[in-house]
Amino acid sequence: MHTGTSASTTPAIPAAATPTRHPGVLSWVAEMAALCGPERIHWCDGSATEKVRLTERAIADGVLLRLNQDKLPGCYYHRSHPSDVARVEDRTLICTATKDEAGPTNNWADPDETTAKLHGIFKGSMAGRTMYVVPYLMGPPGCPKTKIGIELTDSVYVALSMRVMTRMGAVAWRELGETGTFNKGLHGMGTIDPEKRWIAHFPQRNEIISVNSNYGGNVLLGKKCLALRLGSWLGRQEGWLAEHMLIMKVESPTGEVTFVAAAFPSACGKTNFAMLIPPERYAGWKITTVGDDIAWLWPGEDGRLYAMNPENGYFGVAPGTNATSNPNALATISHDTIYTNVALTADLDVWWEGKTAEPPVDLHDWLGHEWNLRSESKAAQPNSRFAAPMINNPALAPEVNDPRGVPISAIIFGGRRATTFPLVMQAFNWSHGVYLGATMGSETTAAAVGATGQVRRDPMAMLPFCGYHMGDYFAHWLSIGKKLAHPPRFFHVNWFRRDKANKFLWPGFGENMRVLEWIVNRCHGHAEADETALGWMPPLESLDLRGLTGPGQNSYSRDRLAEAQAIDPVEWTRELDLQKELFDRIGERMPKELYFERELLRSRLGL
Ligand code: OXD
Ligand code: MN
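Reference entry: report on the structure contained in this document. Along each chain, residues carry numbers from 1 onward, in the same order as the chain's sequence is written. Going through the entries in the order they are written, you letter the chains from A and number the ligands from 1. The predicted nature of this model means local features are confined to residues of pLDDT at least 70 and side-chain atom pairs, given and counted, to a pLDDT of 80 or more, with totals for whole chains, interfaces and linings taken over all residues. To obtain the side-chain values, all non-hydrogen atoms of the structure were included, while hydrogens and water were left out.

**Some points on the coordination of the manganese ion (ligand 2)**
Operational definition: The rule for donors is simple: an N, O or S atom within 2.8 Å of the metal counts, and for Na, K and Ca the reach is 3.2 Å. Water is not among the atoms, so a site may look short of donors. In this text, helices come from DSSP runs of H or I with a minimum length of four residues, and strands from runs of E with a minimum of two, each type numbered from the N-terminal end. Per-residue accessibility, obtained with a 1.4 Å probe over protein chains only, is compared with the maximum for each type, and a residue is labelled buried under 20%, exposed over 50%, and partly exposed between these values.
Coordination of the manganese ion (ligand 2) by the protein is provided by Lys224 (NZ), His244 (NE2) and Asp293 (OD), with metal-donor distances spanning 2.2 Å. Expressed as a motif, the donor residue spacing for the manganese ion (ligand 2) is K-x19-H-x48-D. Here lysine 224, found in helix α8 (residues 222-238), pairs with aspartate 293, found in the loop between β15 (286-291) and β16 (295-299); they are 69 residues apart in sequence, far enough to count as distant. When its relative accessible area of 6% is taken as the criterion, lysine 224 is described as buried.

Structure below.
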C-alpha cells in the first residue's frame, strides 16, 4: 500500500462545472494539467460525500486501510514508503532571486533552473492518475491574516489529509472569490525516488513545488511550506510573524484568562504541552488548546501581540502518546483520524511504543512484519503520525475560530537540553527574549532525517522553517517588539535537564502546570522572581511542589529543584562559545543587539 493509482472512472470535469471562475486558478490548473498529464481532474469541495468517495477510492487502491471501526470509528491507516518517513531538510530548497535572501542556513537554488528541473520531473508524471485540486484556508474564515492556498496533488492521501489539517473545500473557494490572491502548490508522488525528492519554495512567486515524497511534512503544503516557510517571508513583507509555536489558553480559578504561545523544536512535546491537563492539585485551573504547532502573530491596534492558529487539525507524533503524557490527544485521535506508519494489531487497532506499558500480542510493525519484544527494530516508525481534526479535541479553545485572534501575554521558548539550561527563567525585556529564542538549541529528534541525539542550534525552533535570511528574521523579531505598547513577557523552559545519574530532574507532562502557573502569574504581576545572571527565576519556595514525587517515589525535594535551576559556569562557557558559532555562521546580517545580549550575559556570569 505504498503509492497506489486512482481507479476512479470519473471523467474530467468540464471547465464550466469548476467550483471557481477565478481566471488565475483556471489557467494555472490547465497549465499544470497539461504538464503532468493526469487522466482526470477532481476539484475538491470538502463535502462529507466527497470524503466518503475519496476514502473508498483510497481503500480500493490500497492507499488506506480501514481500521477496526468498533474501536476506532472513522479511522484509517496509511503506510508511507520506507524511504519516505520524515521531512528532508537537505532536499528542501528556498528559491529566492538571490542566494543572499535565503541566507546561510537555507539550501538555496536558482528559481528558474529549479522550476525547469522540477517541471521536467513532473512531465507526464500523472498519466493514468487523478489530479486533485485542493483549495484550503490557513486561518479562520474572515480573519484578515488568513491566507488561501491551492494544492494540486496526485495523492488521494494528501487530499484526505489536507481535509483534516486545513479548512478545505467550498469555504476556500468562497473566500477566494474571482480575484483573490492564492498560494500555488504543486505536489506529485512521482516514483518516490529519494534522489529526485525536492521540496522547493519560491517566495517571490508565492509558490511551492514538492515531488517524489508522500510524507506529511513534505507534502501537506499548507503546513510547513506555506504556514511557516512562505508564511515567514510574507510576514516580513507585511509586518507579522509566522512561528513554529503552540497557542494555549490558561484559565485560573479566579477566571483570569491568559493566552500563551510556545516554541519547542519538533518532537519536544509541543502537542503535549498544548493539551496539558492540570494535575489534581490544580483544581479550578483550565487549559484549552488554540494550536499545537503553528502560530501567526501580529501587533494589534491596542498595542498587544495577537495570534491565531492557521491549521485545522493536529499532525502529531504518535510514539510516546499515552494516557499519562496526553489524555486529550488520545481522545482526539480515537475517531476520524488518519494514522501513518504506526504498528497494527491483529484486530486492526493501532499501537506504538509508549502507548501502553506492554505491547499487545499479534502485532505487526509499520512495515507489515510480525513483531514482538524480541524484534530488533521499533514496532512503530519513530516519526509515525496521526492526523486528527482539531474539533475532536475535548479541550479545544473556542477562540480557535475567532477571526480577531487572541492576545498573547507570554511567549515561551524551550529545548531538549540534558545540561546547562534551567527549568524556567524569564527574560529581562524584549531584546533579551529574542536572544533567548535566537540561541535555542535542542538534541535532534526523529522528525527530520539525520542523526538523532546531538545538540543542534534551532533558533525559535525555526531553523528548518524560516524562508529567508536568519539575520533578517531576528531583525524582524526585534522590529515587531518596537510596535508593541504592551508586549508579552518571554520565558525559557527546559523540561529535559538530567541529574548525574542521567535521570530527568523534572517530571514533565501535566506537572509542567507548576511552572506554567509561575509564568502566568508573572504576566499578571502576581508572582515573585529573583534576578539572576540568566534572567528572572522563581525563588525556590515559590514553585508549588505539593504532591509531586521525585526519584524512588520520595516526595520531590527543593534540592532537586535547586539542581534543575542551577547555573553552572563551565556549562555556560561552552554554551556561549556554541552560540557564537551560530552567530558567526549567520554573519553580518546578525543584529548587533543579539551580540550585545550575549556579551551582557557573559559579564553577568562573570565569565
Ligand atoms: C512537525 C514537525 O511535523 O515539526 O510538526 O516536524
Ligand atoms: Mn512542528
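**Topic: the pairing of β15**
As a reminder of what qualifies: For two strands to be treated as a pair, DSSP must find at least two bridges joining them.
Counting buried residues in β15 gives five out of six residues, a clear majority hidden from the surface. Pairing between strand β13 (residues 246-251) and β15: five bridges, direction antiparallel. Directly across from methionine 248, in β15, lies its bridge partner threonine 289.

**Observations concerning the site of ligand 1**
To be explicit about the condition: Each residue is tested against the molecule or strand, and it is near if at least one of its non-hydrogen atoms lies within 4 Å. As used in this structure description, the phrase polar contact means that two N or O atoms lie within 3.5 Å; if the pair is within protein, one of them must be able to donate a hydrogen and the other to accept it, and residues adjacent in sequence are counted only when both atoms belong to side chains. Residue burial considers only the protein chains on display, and all accessible areas are found by Shrake-Rupley using a 1.4 Å probe. Three classes are used, and their members are as follows: Ala, Val, Leu, Ile, Met, Phe, Trp, Tyr, Cys and Pro are nonpolar, Asp, Glu, Lys and Arg are charged, and the others, Gly among them, are polar.
In the vicinity of ligand 1 there are nine residues, among which Arg87, Lys224, Ser266, Asp293 and Arg385 approach most closely. A distance of 3.3 Å separates an oxygen atom of ligand 1 from a polar atom in the side chain of histidine 244. In this structure, an oxygen atom belonging to ligand 1 sits 2.8 Å away from a side-chain N or O atom of arginine 385. For ligand 1, whose accessible area on its own is 210 Å², the fraction buried by protein is 95%. For the shell around ligand 1, the residue count by class is two nonpolar, two polar and five charged.

**Comments concerning the packing of helix α15 (residues 569-586) against helix α16 (residues 592-605)**
Put simply, the test is: Axes here refer to lines fitted to C-alpha atoms; in helices the fit is confined to the stretch in contact. Angles between the N-to-C directions go from 0 to 180 degrees. Angular relationships are summarised with four words: roughly parallel below 35 degrees, roughly antiparallel beyond 145, roughly perpendicular across 65 to 115, and oblique for the angles in between. In what follows, residue pairs with any heavy atoms lying within 4.5 Å of each other are defined as contacts.
Here α15 crosses α16 at 170°, and the two axes come no closer than 11 Å. As far as their axial angle goes, α16 and α15 are roughly antiparallel. Mapping the contact onto sequence places Trp572, Leu576, Gln579, Lys580, Phe583 and Asp584 in α15 and Leu594, Tyr595, Arg598, Leu601, Arg602 and Leu605 in α16. Tallied by class, residues from the contact of α15 with α16 come to seven nonpolar, one polar and four charged.

**A few points about the sheet that holds strand β22 (residues 363-364)**
Reading across from one edge, β21-β20-β22-β23 is the order of the four strands in this open sheet, with antiparallel pairing throughout. The sheet is open, and its two borders are formed by β21 (350-351) and β23 (370-371), each paired with just one other strand. Note: strand β20 (residues 343-345) against β22, two bridges, orientation antiparallel. Bridge pairing in β22 places leucine 344 opposite histidine 364.

**As for the packing of aromatic side chains**
So the rule is basically this: Pairing of aromatic side chains here covers Phe, Tyr and the six-membered ring of Trp, requires ring centres within 6.5 Å, and sorts the geometry by plane angle: under 30 degrees stacked, over 60 edge-to-face, intermediate tilted.
One pass over the structure, following the stated rule, counts 24 aromatic pairs. Note on tryptophan 351 and tryptophan 371: the rings are 6.1 Å apart at their centroids and 40° apart in plane angle, and the pair reads as tilted. With a gap of 20 residues between them, tryptophan 351 in strand β21 and tryptophan 371 in strand β23 connect regions that are remote in the sequence. By relative accessible area, which is 6% here, tryptophan 351 ends up buried. Residues phenylalanine 496 and phenylalanine 504 carry aromatic rings whose centres are separated by 6.2 Å and whose planes lie at 70° to one another, so their mutual orientation is edge-to-face.

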